[in-house]
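Each chain, written out:
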Amino acid sequence: MAVFMLQLADGQDKVIEADVAGRTLAGDIVLERADLHGNWTTLETYRAADVVAVYRRGPAESGIYTWIPQSTTGTWWCY
């Protein structure tokens, strides 16, 4: 389980707990969670135009937890 923060185009920040976040070929952001049987469920999907930036909460090189920016281009999955 990870914590993600999305900066939305309308100026709001959204903090979501999910197992994974991904960026699709179309640029949309998908947040998913798996149940105990390994079945994946989409929690939320955001259109590319609605999201300015995505961050994952995790340790920086210093070891201190911070918001780590995710790539604004290409496809990716972060856990």
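Residues numbered from 1 in each chain as written. Predicted model: local features only at pLDDT ≥ 70, side-chain atom pairs only at ≥ 80, totals over all residues. Heavy atoms only, no water.

### A closer look at the overall build of the chain
Along its length, the chain carries zero helices and eight strands. The order of helices and strands in the chain, counted from the N terminus, is β-β-β-β-β-β-β-β. Here the C-alpha radius of gyration of the chain, 13 Å, is about what a compact globule of 79 residues would show, namely 12 Å. Considered along the principal axes of its C-alpha atoms, the chain spans approximately 35 × 30 × 25 Å. Within the chain, the fraction of its 79 residues that count as buried is 33%. Here the contacts in the chain between residues at least 6 apart in sequence split such that 39% fall between residues at least 24 apart. Within the structure as shown, the chain displays about 5000 Å² of accessible surface, and the carbon and sulfur contribution to it stands at 51%. Within the chain, one finds 6 positive and 10 negative side-chain charges whose respective centroids are separated by 3 Å. (Helix = DSSP H or I, 4+ residues; strand = E, 2+ residues; numbered from the N terminus. Rg over C-alpha atoms; globule rule 2.2 N^0.38 Å. Buried < 20%, exposed > 50% of the residue type's maximum accessible area, 1.4 Å probe, protein only. Contact = heavy atoms within 4.5 Å. Areas by Shrake-Rupley, 256 points an atom, 1.4 Å probe, with all protein chains shown as cover. Lys, Arg positive; Asp, Glu negative; His and termini not counted. Charge placed at Lys NZ, Arg CZ, Asp CG, Glu CD.)

### Details of the environment of threonine 24
Its location among the elements puts threonine 24 in the loop between strand E3 (20-23) and strand E4 (29-34). Its relative accessible area of 26% is what places threonine 24 among the partly exposed residues. Spatially, the C-alpha atoms of threonine 24 and glycine 74 are 7.9 Å apart, while their sequence positions differ by 50 residues. Residues in contact with threonine 24, not counting those within four places in the same chain, are Val30 and Thr75.

### Thoughts on the environment of lysine 14
With respect to the helices and strands, lysine 14 occurs in strand E2 (residues 13-18). Taking the C-alpha atoms as reference points, lysine 14 and phenylalanine 4, separated by 10 residues in sequence, lie 8.1 Å from one another.

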